[in-house]
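Coordinate analysis (summary)
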Amino acid sequence: MDELNGKLIACQILITGLIARVANEQRDPLRFLTDFRDEIKAVVGGVNIAGMDNSDRVRAVAQKTVDELFSLMKPPSSD
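Residues numbered from 1 in each chain as written. Predicted model: local features only at pLDDT ≥ 70, side-chain atom pairs only at ≥ 80, totals over all residues. Heavy atoms only, no water.

Topic: the nonpolar core
Ile 19, Ala 23, Leu 33, Val 44, Val 66, Leu 69 and Phe 70 together form the largest nonpolar core, which totals 7 residues. Put simply, the parts of the chain that give this core at least two residues each are α1 (2–24), α2 (29–46) and α3 (55–71). At 3 residues, the largest contribution of residues to this core is made by α3. Not counting chain neighbours up to four residues away, the residues in contact with Val 66 comprise Arg 37, Ile 40, Lys 41 and Val 44. (Core = buried A, V, L, I, M, F, W, Y, C linked by side-chain atoms within 4.5 Å. Buried < 20%, exposed > 50% of the residue type's maximum accessible area, 1.4 Å probe, protein only. Helix = DSSP H or I, 4+ residues; strand = E, 2+ residues; numbered from the N terminus. Contact = heavy atoms within 4.5 Å.)

Right under this line is the structure:
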């Protein structure tokens, strides 16, 4: 289980870095991140979760993970 958690954390870091890289190349990075976050949350809210007795709990954890990923990103520095 620890190996799986480590791999998931590595994927989250990779995805966060990729999103931040793309955002930095945008004209308005903060707006891009906000729009992207909203799109990802909409996808998580609408995805079909089959084979689970309590898909609401899975969806809530996924939404929390999205929030955590985007909270790691900071606005661009003022330099």
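This is not the end of the story, as more comes after the structure.
Let's talk about the packing of aromatic side chains
The final tally for this structure, using the stated rule, is 1 aromatic pair. When the ring of Phe 32 is compared with that of Phe 36, the centres are 5.8 Å apart and the planes differ by 15°; the resulting orientation is stacked. Note that Phe 32 and Phe 36 are positioned in helix α2 at a spacing of 4 residues, about one turn of the helix. Of the residues examined, Phe 32 reaches a relative accessible area of 23% and is grouped as partly exposed. (Phe/Tyr/Trp six-rings, centres within 6.5 Å; stacked < 30°, edge-to-face > 60°.)

Digging into the side chain of Gln 63
Along the polypeptide, Gln 63 turns up in helix α3. Taking the relative accessible area as the measure of exposure, Gln 63 reaches 19% and is therefore buried. A polar atom in the side chain of Gln 63 sits 3.2 Å from the backbone oxygen of Lys 41. For Gln 63, the residues in contact, after removing those within four places along its chain, are Lys 41, Val 44 and Gly 45. (Polar contact = N/O pair within 3.5 Å; in protein donor to acceptor, adjacent residues only side chain to side chain.)

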